[in-house]
Amino acid sequence: MQRLLKQQNYSQLTQQQLTDKLVSFEQSTVNIFIQSGKYAEALATAETDKNVCLSWLLNALPIPDYQTAETVTHAQIQQLINPTTAAIYWHLSDASLTTFIIKSDGLLSPETCFSDFPDEFEKWVKEWNQQYTDYQSKEKTSQVNHPWRAEMASKFARLNAILKIDAIEQQLEGITELILIPHRDLHRFPIHALFSGDFVVSYLPSAQFGLNLKHRLNPPTAANTANTPNTVGEWNSRLHRQNPPPRVEEGEVNSILSIENPNSIIIDENGKRKELLPLPAAEIESEIICRMFANSTRRGENAATLDEVTKLLPQPHNIFHFTGHGSYDFDNPQQSTLYLSDTHRLTVKEIIQLNLSNYKLICLSACETAVTDKQTILAEYVGLTSGFMRAGVGFVVSTLWPVQSGASTLLMIDFYRRWREEGDSLPVALANSQKWLQSATREDLAAWYQREIDKISENSSELSVAEVSLRRFFKSNQQNLAKMESDQPYQHPYYWAAFTLTGL
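Residues numbered from 1 in each chain as written. Predicted model: local features only at pLDDT ≥ 70, side-chain atom pairs only at ≥ 80, totals over all residues. Heavy atoms only, no water.

**Student:** I'm lost on the packing of helix α13 (residues 282–290) against helix α17 (residues 405–420) in this one. Help?
**Tutor:** Two numbers describe a pair of packed helices, the interaxial angle and the distance between the axes. Two elements in contact, α13 and α17, have axes whose closest approach is 10 Å; the angle formed by their N-to-C orientations is 5°. The angle between α13 and α17 places the two elements in the roughly parallel class. Note on element contacts: α17 touches α13 through Ser-408, Thr-409, Met-412, Ile-413, Tyr-416 and Arg-417, opposite Glu-285, Ile-288 and Ile-289. Looking at the contact of α13 with α17 residue by residue, the classes come out as five nonpolar, two polar and two charged. (Axes fitted to C-alpha atoms, helices over the stretch in contact; angles between N-to-C directions. Helix = DSSP H or I, 4+ residues; strand = E, 2+ residues; numbered from the N terminus. Parallel < 35°, antiparallel > 145°, perpendicular 65-115°, else oblique. Contact = heavy atoms within 4.5 Å. Nonpolar A, V, L, I, M, F, W, Y, C, P; charged D, E, K, R; others polar.)

Written as structure tokens, this is what we have:
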């Protein structure tokens, strides 16, 4: 079929239909290996399919190239883990939903590799999409009690059962860290929130992305370089040879680029300009976070143009913190975008042309994932996160849905504090911040706000204009706690589950 697609001059619609059939066929071969008890071959095929589709979509190639794809083996994937870390790998096809549990010791077995029909999951996704689309169409005042948000916990309980999380956890004795590698629509949901165990979780677009990152941070020796697969990786070394990043000493993380609350405008279907609503606490969040770094470059409102941002990104920063709007383009993933000032946009197509390997962290706060109720991802999910990972970034924090501004600001500031001031690793810092926000009482939050107020006061006897604004913001939020009905205001998963960390 791939040979036919290359040889024939089909219409765009016919080529898309044949390409979908090709992808579906390749995905179904995973099921054949599973049914034959060839689990390692099934995993290698699933990884090949994932990387071919990622390259196809990221590069906007005419067709996915399965013929020249390299194979990533079970043994190579085990290089990503250690005795206390496991990778949970999912693969979706028209016929099955397959789960691989990969640990540092032993081979795959029926206990660590199992499949089920995807019908229940597809039904669950359809219901989620329908409710989420309706939720997004409502006014803010009507969203709080909307079924998509109000019934989120019960929805996740159903997803827990569909994905057999309890059965997975039975295989995780002695495991404290998880690497989750979802497939297709599974990328859009907070799988980390489904586990009952106290795991530190990070995500990867594919195992190959993790291997590329591992080899960049710890270059392989000449003896084993030849065995390093290159399906998604050749772009990395080539781009870095052509555009070497500014040198940043190992362990030196002291410079942040902050794009905050740009005055973004979109052109609607009628050709009219429409302003995107500003995020209420974006400047406060950025002000506090930037104070944790020796050097900060900040752009917002009308100054965050595409020319300015693409000029600043290649400079020797270690952190890129974005508080603004973003969207996922289902039909053309390369056009998934961060909205900058006016009608300027930073798309995945532009991101993957950059060499961002000097960045330890990209943080995308309050970004949107727009998928309509009639859409299902057939090949693989490609969005802003995979775009930044392909550009060589170490970690990306992103959100699966826009979170209420106050909760998002709390979690982001606490996350950076734990990493910068308490020495937590990035995965541990995010896990601890999510647990803290989920369990924090009004008294805990009042104490947190007071500590922030005290930090501002102790730094100088005469406050700057920015510090006066910070004090006013924290004092106002502290006083508003008394109006909240629940003693644990942010216990609901809507407030904390949306935040994910991708990287290694």
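Picking up where we left off.
**Student:** Mind showing me how you'd approach the sheet that holds strand β13 (residues 345–347) here?
**Tutor:** The strands that make up a sheet are held in pairs by hydrogen bonds between backbone atoms, and each pair lies either parallel or antiparallel. Pairing is antiparallel in the open sheet, where three strands are placed in the order β11-β12-β13. Unpaired on one side and paired on the other, β11 (326–327) and β13 mark the two borders of the sheet. Across two bridges, β11 lies against strand β12 (residues 337–339) in antiparallel orientation. In the sheet register, Ser-327 faces β12, and the bridge partner there is Thr-337. (Pairing = 2+ DSSP bridges.)

**Student:** Teacher, can you tell me more about unusual backbone geometry here?
**Tutor:** Phi is mostly negative for residues that are not glycine, and the peptide bonds are mostly trans. A positive phi angle is found at Lys-164, which is not glycine, with a value near 55°. Secondary-structure assignment places Lys-164 in the loop between α8 (152–162) and α9 (165–169). Although it is not a glycine, Arg-184 sits at a positive phi angle of roughly 55°. As for its position among the elements, Arg-184 is in the loop between β4 (177–181) and β5 (200–203). Judged by its relative accessible area of 5%, Arg-184 is buried. (Buried < 20%, exposed > 50% of the residue type's maximum accessible area, 1.4 Å probe, protein only.)

**Student:** Teacher, can you tell me more about helix α5 (residues 119–136) here?
**Tutor:** Each α-helix winds once per 3.6 residues, and so residues spaced three or four apart point in a common direction. End to end, α5 covers 26 Å across 18 residues, agreeing with the expected 26 Å (1.5 Å per residue, within 8%). Turning to α5, its buried residues are Phe-121, Trp-124, Val-125, Trp-128, Asn-129, Tyr-132 and Tyr-135. In a view along the axis of α5, the buried residues occupy a sector of 135°, so they form one face of it. Those residues of α5 hidden inside the fold are in contact with β1 (85–92), β2 (97–102), α6 (140–143), α7 (147–150), α8 and α21 (493–496). (Expected span 1.5 Å × (residues − 1). Arc of directions from axis to C-beta.)

**Student:** What am I meant to see in the pairing of β1 here?
**Tutor:** Both faces of the sheet carry side chains from a regular strand, because those side chains alternate between them. Taking burial as the measure, the eight residues of β1 include eight buried ones, the bulk of the element. Burial along β1 is two-sided: Thr-85, Ala-87, Tyr-89 and His-91 and Ala-86, Ile-88, Trp-90 and Leu-92, pointing in opposite directions, are all buried. Judged from the five bridges that link them, β1 and β4 form a sheet pairing that is parallel. Along β4, the bridge assignment pairs Ala-87 with Ile-179. Connecting β1 to the antiparallel partner β2 that follows it, the hairpin turn spans four residues.

**Student:** Before we go on, may I ask you to explain the packing of aromatic side chains in this structure?
**Tutor:** Per the stated rule, a full pass over the model turns up 28 aromatic pairs. Aromatic pair Phe-320 and Phe-388: ring centres 6.2 Å apart, planes at 45°, arrangement tilted. Of the two residues, Phe-320 is situated in strand β10 (residues 319–323) and Phe-388 in helix α16 (residues 384–390); the sequence distance between them amounts to 68 residues. For Phe-320, a relative accessible area of 1% corresponds to the buried category. With 5.5 Å between their ring centres and 80° between their planes, Trp-448 and Tyr-449 make a pair best called edge-to-face. A residue is classified by how much of its surface remains accessible, and Trp-448, at 5% relative accessible area, is buried. An aromatic cluster is present here, built from Phe-121, Trp-124, Trp-128, Tyr-132, Tyr-135, Trp-148, Phe-156, Phe-189 and Trp-401 joined pairwise through their rings. Against the face of Tyr-494 rests Arg-149, its NZ or CZ located 3.7 Å from the ring centre. Positioned over the ring face of Trp-419 is Arg-420, at 5.5 Å from the centre of the ring. (Phe/Tyr/Trp six-rings, centres within 6.5 Å; stacked < 30°, edge-to-face > 60°. Lys NZ or Arg CZ within 6 Å of the ring centre and 35° of its normal.)

Read these as spatial facts, not as claims about activity.
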